[in-house]
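Single-letter residue listing:
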Amino acid sequence: MSRDWVNLGVNYHATPWRFQAIWEDGAWSEGELVAEATITLSEGSTAIHYGQQCFEGLKAHAGPGGQALLFRADQNAARMARTAERLLIPPPPVELFLRGVEATIRANPEALPPHGCGASLYLRPLLIGVGDNLGLRTAPRFVFRVFCSPVGPYFKGGLQPIRLAISPFDRVAARGTGSFKAGGNYAGGLFASRQAKSLGCDEALYLDPQTRSFLDEAGSANVFGILPGEGGAPDTLVTPASDSILPSITMDALCTLAKDELGLVVERRPVPVSELPKLRELACAGTAAVVTPVSAVRLEDGSEITLPQPVGEVTKRLFETLTAVQTGVAEDRWSWRRVVATKAAV
Ligand SMILES: *Cc1c(COP(=O)(O)O)cnc(C)c1O
């Protein structure tokens, strides 16, 4: 299959196979590959009434030999289990999660974009409550499914900065479900995101819901800033520590790379809005966003903070270092890669 890999965008492109397992009567089924891209479910299902549902997102990149490389998939498995428990969903065992992800990759060898083109294979594990129900209680049955879709590079032709607008809305409640990848956390963000766009920005930047004085995160990405080191001291990467943000696996990897590869000081702590003018660089981090530089932040009063470096040097180096590990070009000192042999591989 020859495709215009670079112009795929982030859209759903159906592939021939997906993996599915069912939880019923207290146990998960073995799981199997299925061809049907649609799911038939009872109109009484909790997933469609009460949002008893969660998901994950991860990417496989083709390595130099054509093999599929998963990035920190064990972390996605653990996060889905943690989210499931919070939603009274029986957590899929890590073994089932990884087997489902790998089976999906292997069953769709034509969907893996070739090494070096910038595109990747996005994997979407999802977990939904199904079966006859009406009252607000946990579902009698659950479906775990993994499907995949090739996605284009986030950036065509170099890093392009985006603009964020501090949102008048909170993403989640204080002491709510913000640190879990629950579908219900995202519907409310559609409006906030649209509002940010209507103000000439690309995405909403949320504040902590408790005090609204600290940075939380963007719609589906964590944020980090670079504080310049004084008098020859190394720069500092600062990223918000908060109970209401989704702990990004990408952000966690960037903290490690910043320390181990770039020699930066790394601080995970509450980041007050008032610290924005001190940052030399600001960027978003996540599986979809990878590393996206931020050139400006619009405050609620309509004023704007412009970053001194719209595409920061450290941001650029972090992007390059991360993608080199993900695509199998750089050494993996942290055992982050998981090799999935495919038919296309030599
Ligand atoms: C998925 C997600 C992220 C990014 O997490 P990764 O593990 O890096 O993909 C960040 N914020 C939110 C709200 C998310 O849903």
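What counts, and where the lines are drawn
- Residues numbered from 1 in each chain as written.
- Predicted model: local features only at pLDDT ≥ 70, side-chain atom pairs only at ≥ 80, totals over all residues.
- Heavy atoms only, no water.
- Helix = DSSP H or I, 4+ residues; strand = E, 2+ residues; numbered from the N terminus.
- Rg over C-alpha atoms; globule rule 2.2 N^0.38 Å.
- Buried < 20%, exposed > 50% of the residue type's maximum accessible area, 1.4 Å probe, protein only.
- Contact = heavy atoms within 4.5 Å.
- Areas by Shrake-Rupley, 256 points an atom, 1.4 Å probe, with all protein chains shown as cover.
- Lys, Arg positive; Asp, Glu negative; His and termini not counted.
- Charge placed at Lys NZ, Arg CZ, Asp CG, Glu CD.
- Polar contact = N/O pair within 3.5 Å; in protein donor to acceptor, adjacent residues only side chain to side chain.
- Near = heavy atom within 4 Å.
- Nonpolar A, V, L, I, M, F, W, Y, C, P; charged D, E, K, R; others polar.
- Disulfide = S-S within 2.5 Å.
- Phe/Tyr/Trp six-rings, centres within 6.5 Å; stacked < 30°, edge-to-face > 60°.
- Expected span 1.5 Å × (residues − 1).
- Pairing = 2+ DSSP bridges.
- Right-handed = clockwise from strand over helix to strand, strands pointing away.

Quick notes on the overall build of the chain
- The secondary structure content of the chain amounts to 6 helices and 18 strands.
- Relative to the compact-globule value of 20 Å for 346 residues, the chain shows a C-alpha radius of gyration of 20 Å, a close match.
- Here the chain, with 346 residues, has 53% of them falling under the buried criterion.
- In the chain, of all internal contacts separated by at least 6 residues, the share reaching a separation of at least 24 is 73%.
- Total accessible area computed for the chain in this model is approximately 15400 Å², and 53% of it derives from carbon and sulfur atoms.
- Here the chain carries 33 positive and 36 negative side-chain charges, and the mean point of each set is 2 Å from the other.

A short note on the side chain of asparagine 108
- Along the polypeptide, asparagine 108 turns up in the loop between α3 (94-107) and β7 (120-130).
- Residue classification places asparagine 108 among the buried positions, given a relative accessible area of 2%.
- In terms of polar contacts, asparagine 108 uses its side chain to reach the backbone carbonyl oxygen of threonine 104, at 2.8 Å.
- Apart from residues no more than four positions distant in its own chain, asparagine 108 is found in contact with Thr15, Pro16, Trp17 and Cys148.

Looking at the site of the ligand
- Near the ligand, the surroundings consist of 15 residues, among which Lys181, Tyr186, Ser248, Thr250 and Thr287 are the closest.
- In the complex, the protein chains occlude 97% of the 380 Å² of accessible area that the ligand would expose alone.
- Its residues placed into classes, the shell around the ligand shows 4 nonpolar, 7 polar and 4 charged.

Remarks on the state of the cysteines
- In total, this model carries 0 disulfides according to the counting rule given.
- Cysteine 54 forms no disulfide, and the closest cysteine sulfur to it belongs to cysteine 148, at a distance of 19 Å.
- By relative accessible area, which is 0% here, cysteine 54 ends up buried.
- Between cysteine 117, a free cysteine, and cysteine 148, which holds the nearest cysteine sulfur, the sulfur-to-sulfur gap is 15 Å.

Some thoughts on the packing of aromatic side chains
- Using the criterion set out here, one finds 8 aromatic pairs in the structure.
- Centroid distance phenylalanine 55 to tyrosine 186: 5.3 Å. Interplanar angle 70°. Geometry classified as edge-to-face. Taken together, the positions of phenylalanine 55 in strand β4 (residues 53-55) and tyrosine 186 in the loop between β9 (162-166) and α4 (187-198) put the pair 131 residues apart, joining distant regions of the chain.
- For tyrosine 186, a relative accessible area of 22% corresponds to the partly exposed category.
- Ring geometry for tryptophan 334 versus tryptophan 336: centroids 4.7 Å apart, planes at 20°, classification stacked.

Re α3
- In a regular helix each residue adds 1.5 Å, so 14 residues correspond to 20 Å; α3 covers 20 Å between its end C-alpha atoms and thus fits that length.
- Taken across its 14 residues, α3 has 10 buried, putting it largely inside the fold.
- The complete set of buried residues in α3 reads Leu96, Phe97, Leu98, Gly100, Val101, Glu102, Ala103, Thr104, Ile105 and Ala107.

Quick word on the environment of glycine 286
- Looking at the secondary structure, you find glycine 286 in strand β15 (residues 281-286).
- Spatially, the C-alpha atom of glycine 286 lies 6.5 Å from that of asparagine 222, the residues being 64 residues apart in sequence.
- Not counting chain neighbours up to four residues away, the residues in contact with glycine 286 comprise Ser248 and Thr250.

Section: the pairing of strand β14 (residues 265-268)
- In this sheet, β14 lies alongside strand β13 (residues 236-239) in parallel orientation, the contact comprising 4 bridges. What sits directly across from leucine 237, in β14, is valine 266.
- The handedness of the β13 to β14 crossover, carried by helix α5 (residues 249-260), is right-handed.

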